[in-house]
Amino acid sequence: MRSYSAPVWQMALKLGLIGGAVAALLALIGMVEVFNQRAIIGGVISMGQTFLGLAVLLSAYAAARRAGTQTRSTALLAGAVAGAAVGLVIGGLALLMAAWPDLRTILINASPTLLALLTFGQAAPVALAIWIVAGGLLGAATGALLLLTPAVRSAILAALGAVVLVGVLADLLRLITSAWGVIGQALRWMFAGRGLSVAGALVVAAVVVLIGVLRQRGLPKLQPAAGRRSPRQTLLSLAISLAILALLPPVLGTYMSEVLDQVGLYVLMGLGLNIVVGFAGLLDLGYVGFYAIGAYMMGLLTSPELGFFNLSWWAALPIVLAVTILSGVVLGIPVLKVRGDYLAIITLGFGEMIRYLALSNALDPYTGGPQGVQLIAKPTIGSFVFDDVTKLYYLLLAGCLLTGFIAIRLRDSRLGRAWMAMREDEDVAQAIGINLVSTKLLAFATGAAFAGLSGAIFAAKIGAAYPQSFHLLVSINVLALIIVGGMGSIPGVIVGALALVGLPELLREFAEFRLLVYGVVLVVMMLYRPEGLLPSEAARREMHEDENVTEESALAQPAEPAIQLERTAT
Amino acid sequence: MLKTWFRRLSGTDLIMYAIGVTVTIAIIWGSLATLASGKYSLPQWQDLVVFGLAQGSIYALIALGYTLVYGILRMINFAHSEVFMSGPFTAYFVARALDQSGFLERSPVVGMLIVTAASMLTSLVIAILVERVAYRPLRNAPRLVPLITAIGASYALQYVFRGLYGSGVERYPELAIFKGEWFLAGVRVLRTQAVVIVAAIALMAVLYVFVMLSKTGKAMRAVSEDKDAAALMGIDVDRIIATTFAVGGALAGAAGILYVLIFGQVQFYMGFVPGIKAFTAAVLGGIGNVPGAMVGGLFLGVFESVGPSLFLDGLGIPAPYQLKDVIAFAMLVLFLIFRPSGILGERLATKKA
């Protein structure tokens, strides 16, 4: 094995240097410093330090994985080398920052706080040594992790992951539980500072390990096997989840209701874009345009400021939906023959044109120009006015349930199958008798209607429509959440919205880095898990087409595209 | 035969033709009305055209990056606008250092060349990095996948640079030699505009010679024709693709400095609008076509500079200059719909996409 040792450590060194560069970048863009304010375990480790630790962990893990585990020493060695290399880069950064304080006039985040953080308050050369040794040790420990049996390894990783997750959200958990009276009092010992206490962390880890052990023994199944439930069971679980959803705002309080409202708006838009992108395969980057049209139409119809119609919110809603559907068709017609990335660019152009038109003075009397439209009506039922976030939550919930239901029914309908056939291959779809024109236009129209509804609720929520709210970034956010959840997957939209809209709202430090993380998430998801977190069946097959062909796995056999297309045709 | 043609026509095509005819009539009507009103004098039109040419030559340089990559990989490098931003944003600090040491005052030409080199180098490195991380692992993935990573890479880069250098607007030091104006055949040209136009044309000429005459350029053309065949001829396809990204990146970095000469400032978001305009220029000229990108860039620059005054003013639209970007986007959409092959290109939008 001696002859292989040179390439192994070279590979480990390379991975470590890459990991170190990423860690240094995280530090220099300010992420480490900002997240250092959020403790994971109070007084022991912060989230910022966790980022640096994760760089060591991941590099060492990747290196040890590649080195193989035939001999114990290679995995350990590879882990240690990679870890030490990460430490070398981070320590080197500290050294550079200490030697050249003027760096801060260029890289604004190379602050003294960051330096103190990276050097543990020691002199920079000492810190460099600490980083290399600590990185090497942590890396070796990671390598050792690979040598354990899978059960033990997954238990340790799950426990660590759970502690980090609970620690990150500790702030919020404490806020929520403190409203619960006695239970909140009883749980106070778990938190310290802005994180978990040491005892709390140990308890979280122990609980996770215990659950893991129990599940491995197969004793209590936490989740019943999907797909084999009787209608009564389905109804029951549906009723229970509805009741839980309905109880959320009073339990979680105003701030969390606001977050849930955000998530709800994005779920609505996500469900719509999921039809266009996920089902029909038409990459639409101008989706925000329909959202804007919905909000502005609502303003035009209800706002006394513009003084055209002064309708009530409910009276205006059908008109708003009709107009957005019409706009979906009108903008869809020109792009019928355009495919792929060209479609993306054209729709992006449409979205930006709509925003610039709203922003310009050319349409001033109808859109209010740069100042936007104010005094948009709130929806009312009888004397009940949806005027704050907790009340609007129910409107959004109803909207999400309705659109979710429509989306599921559409997916399983003849039209849904036509969309998917078109997504797989337009020419074949046309050859088997699918009318591409109407199928595409229906996709655009349905997607637009969902966005229009979302826009109408958004307008009611803030009581105004400003051109700044309809930036291209909204389209990108929606696209990102669909991709993270899994293209074409309806539960995926909800997971994606919770992960990409809900989670960042909870971590307020995150706001500054939100788009950075979205961008990275898009790239990483495409590289490592293109089918998304909760993939739909079809997407999984499509994305792993090549692998299925080469491996000729038995799983891929019953799901041949040809069979599916036949079903669509009949 | 004629019957089926007629039946097909009566559907969506009719609407499309109607849109096309309406736009054409609106443009002609607006132009005539503006010219008849005599609101703008000849020197004003000349100013607009010269400004458009300078702006357009910057678009053309960026467009070359889109076109080179499209020609080889048949993909839109969405992150190119951030490659363009990274160069001048980084070179700003070089310029500031040179300015503080007084070097930029003493020898402005050498100083600006150093700044330009720094900008080109940064953009080149970023372009190669993007290719390596976001595109190369996905060479054989379904078509939507690299497009999505490109969008992701674009946002990630934008906010990495925002994190590194801050979100403020930085002003480049102003140089005395770029102040003032010249008159060429009675047309007023600002010095900066002249420098921009000449430098852009020189760079494009260098690129054209490189692609057409050098061995690497020949390999690039071979790879864009047929990757597999090129590989069989002993061309290292991955290396050529990386070179293509590098060349496009360097041009974008140079374009960034020219952009700075005209607008004087940089910030992390500066890439988006010029990027999308340059893409429009690439489409106008026929994407994948090197001379096309140059023609498309100049055409778009002049069109969007003159357009608001010429077409919209006559139609009685208030504050037409706000709609400059709408005109550029509308051009993009109309060209992609009615003539996706561009001014000088082959038809690509439906076939190869």
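Residues numbered from 1 in each chain as written. Chains lettered and ligands numbered in written order. Predicted model: local features only at pLDDT ≥ 70, side-chain atom pairs only at ≥ 80, totals over all residues. Heavy atoms only, no water.

Trainee: Just checking my understanding: could you explain the environment of Ser536(A) for this structure?
Mentor: Residues and elements named next belong to chain A. Along the chain, serine 536 falls in the loop between α22 (514-528) and α23 (537-543). For the pair serine 536 and glycine 485, spaced 51 residues apart in the sequence, the C-alpha separation amounts to 9.4 Å. Apart from the residues within four sequence positions on either side, serine 536 is in contact with Met487, Gly488 and Ser489. (Helix = DSSP H or I, 4+ residues; strand = E, 2+ residues; numbered from the N terminus. Contact = heavy atoms within 4.5 Å.)

Trainee: How should I be thinking about the domain arrangement of chain A in this particular structure?
Mentor: Residue and element names in this part refer to chain A. Under the domain assignment, chain A is made up of domain 1 (2-217) and domain 2 (252-535). Between domain 1 and domain 2, the C-alpha centre-to-centre distance is 38 Å. Facing twelve residues of domain 1, the contacting portion of domain 2 comprises twelve residues. There are zero salt bridges connecting domain 1 and domain 2. Counting across the domain 1 and domain 2 interface gives zero residue pairs in polar contact (both at pLDDT 80 or more). Where the side of domain 1 that touches domain 2 is concerned, the elements lending two or more residues are α2 (31-35) and α8 (170-178). By residue number, the principal contributor to the side of domain 1 that touches domain 2 is α2, which donates three residues. Each residue belonging to the side of domain 1 that touches domain 2 can be placed in one class, and the counts come to nine nonpolar, one polar and two charged. (Domains from an automatic or database assignment. Salt bridge = Lys/Arg side-chain N within 4 Å of Asp/Glu carboxyl O. Polar contact = N/O pair within 3.5 Å; in protein donor to acceptor, adjacent residues only side chain to side chain. Nonpolar A, V, L, I, M, F, W, Y, C, P; charged D, E, K, R; others polar.)

Trainee: How should helix α16 (residues 389-412) of chain A be read in this particular structure?
Mentor: Given 3.6 residues per helical turn, the α-helix brings residues three or four places apart onto the same face. Given a rise of 1.5 Å per residue, 24 residues ought to cover 34 Å, and the 34 Å separating the end C-alpha atoms of α16(A) matches this to within 8%. Buried residues of α16(A): Val389(A), Leu392(A), Tyr393(A), Leu395(A), Leu396(A), Leu397(A), Gly399(A), Cys400(A), Thr403(A), Gly404(A), Ala407(A) and Leu410(A), and no others. (Expected span 1.5 Å × (residues − 1). Buried < 20%, exposed > 50% of the residue type's maximum accessible area, 1.4 Å probe, protein only.)

Trainee: Explain the pairing of strand β2 (residues 181-184) of chain B here, please?
Mentor: Here is the key point about a regular strand: its side chains alternate between the two faces of the sheet. All names here are of chain B. Relative to strand β3 (residues 187-190), β2 is paired through four bridges, and the arrangement is antiparallel. For phenylalanine 183, the partnering residue across the bridge sits in β3 and is arginine 188. In this antiparallel pair of consecutive strands, β2 and β3, the connection spans two residues, and alanine 185 shows a positive phi of 50 degrees. (Pairing = 2+ DSSP bridges.)

Trainee: Sorry if this is basic, but what is going on with the side chain of Gln158(B) here?
Mentor: Residues and elements named next belong to chain B. Structurally, the position occupied by glutamine 158 is in helix α6 (residues 144-165). Here glutamine 158 falls in the buried class, since its relative accessible area comes to 2%. Setting aside residues no more than four positions away along its own chain, glutamine 158 makes contact with Glu82, Met85, Phe268 and Tyr269.

Trainee: Could you clarify how one ought to interpret the interface of chain B and chain A in this entry?
Mentor: By convention, interface size is frequently given as the accessible area that disappears when the constituent parts associate. Contacts between the two partners involve 59 residues from chain B, matched on the other side by 50 residues from chain A. Both faces combined, the contact of chain B with chain A buries some 4,900 Å², and carbon together with sulfur accounts for 78% of it. By the criterion of area lost to chain A, the three top residues of chain B are Ile148(B), Tyr155(B) and Leu164(B), representing 12% of everything that side buries. Taken together, the links from chain B to chain A amount to zero salt bridges. Taken together, chain B and chain A are joined by four residue pairs in polar contact (both at pLDDT 80 or more). (Buried area = accessible area lost by both parts, 1.4 Å probe.)

Trainee: Can you help me understand the packing of helix α11 (residues 231-279) of chain A against helix α17 (residues 414-424) of chain A in this one?
Mentor: The relative placement of two packed helices is expressed as an angle between their axes plus a distance between the axes. Residues and elements named next belong to chain A. The N-to-C vectors of α11 and α17 enclose an angle of 45 degrees; their axes lie 9 Å apart at closest approach. It follows from the interaxial angle that α11 and α17 lie oblique. Here Ile275, Gly278 and Phe279 of α11 lie close against α17, whose contacting residues are Trp419, Met420 and Arg423. For the contact of α11 with α17, the class distribution of residues is four nonpolar, one polar and one charged. (Axes fitted to C-alpha atoms, helices over the stretch in contact; angles between N-to-C directions. Parallel < 35°, antiparallel > 145°, perpendicular 65-115°, else oblique.)

Trainee: Before we go on, may I ask you to explain the confidence of the model for chain B in this structure?
Mentor: Low pLDDT marks regions whose predicted coordinates should not be analysed in detail. When pLDDT is averaged across chain B, the result is 82; 93% of the residues are at 70 or more. Note that pLDDT drops below 50 for residues 347-353 of chain B; the model gives that stretch 18 contacts with residues more than four away or on any other chain. (pLDDT = per-residue confidence, 0-100.)

Trainee: Looking at this structure, how should I read the nonpolar core?
Mentor: Among soluble globular proteins, nonpolar side chains are generally buried collectively. By size, the foremost hydrophobic cluster in this structure holds 264 residues, and its most contacted members are Leu118(A), Met298(A), Ile457(A), Phe470(A), Leu64(B) and Tyr172(B). Looking at which element gives the most residues to this core, the answer is helix α2 (residues 42-73) of chain B, with 16 residues. Formed jointly, this core draws a minimum of three residues from each of two domains, domain 1 (2-217) and domain 2 (252-535) of chain A. Once you skip the residues sitting within four places of it in the chain, Leu118(A) turns out to touch Leu52(A), Ile90(A), Leu93(A), Ala94(A), Met97(A), Ala127(A) and Trp131(A). Grouped together as the second largest cluster of nonpolar side chains are nine residues, Val8(A), Ala67(A), Ala78(A) and Val81(A) included. (Core = buried A, V, L, I, M, F, W, Y, C linked by side-chain atoms within 4.5 Å.)

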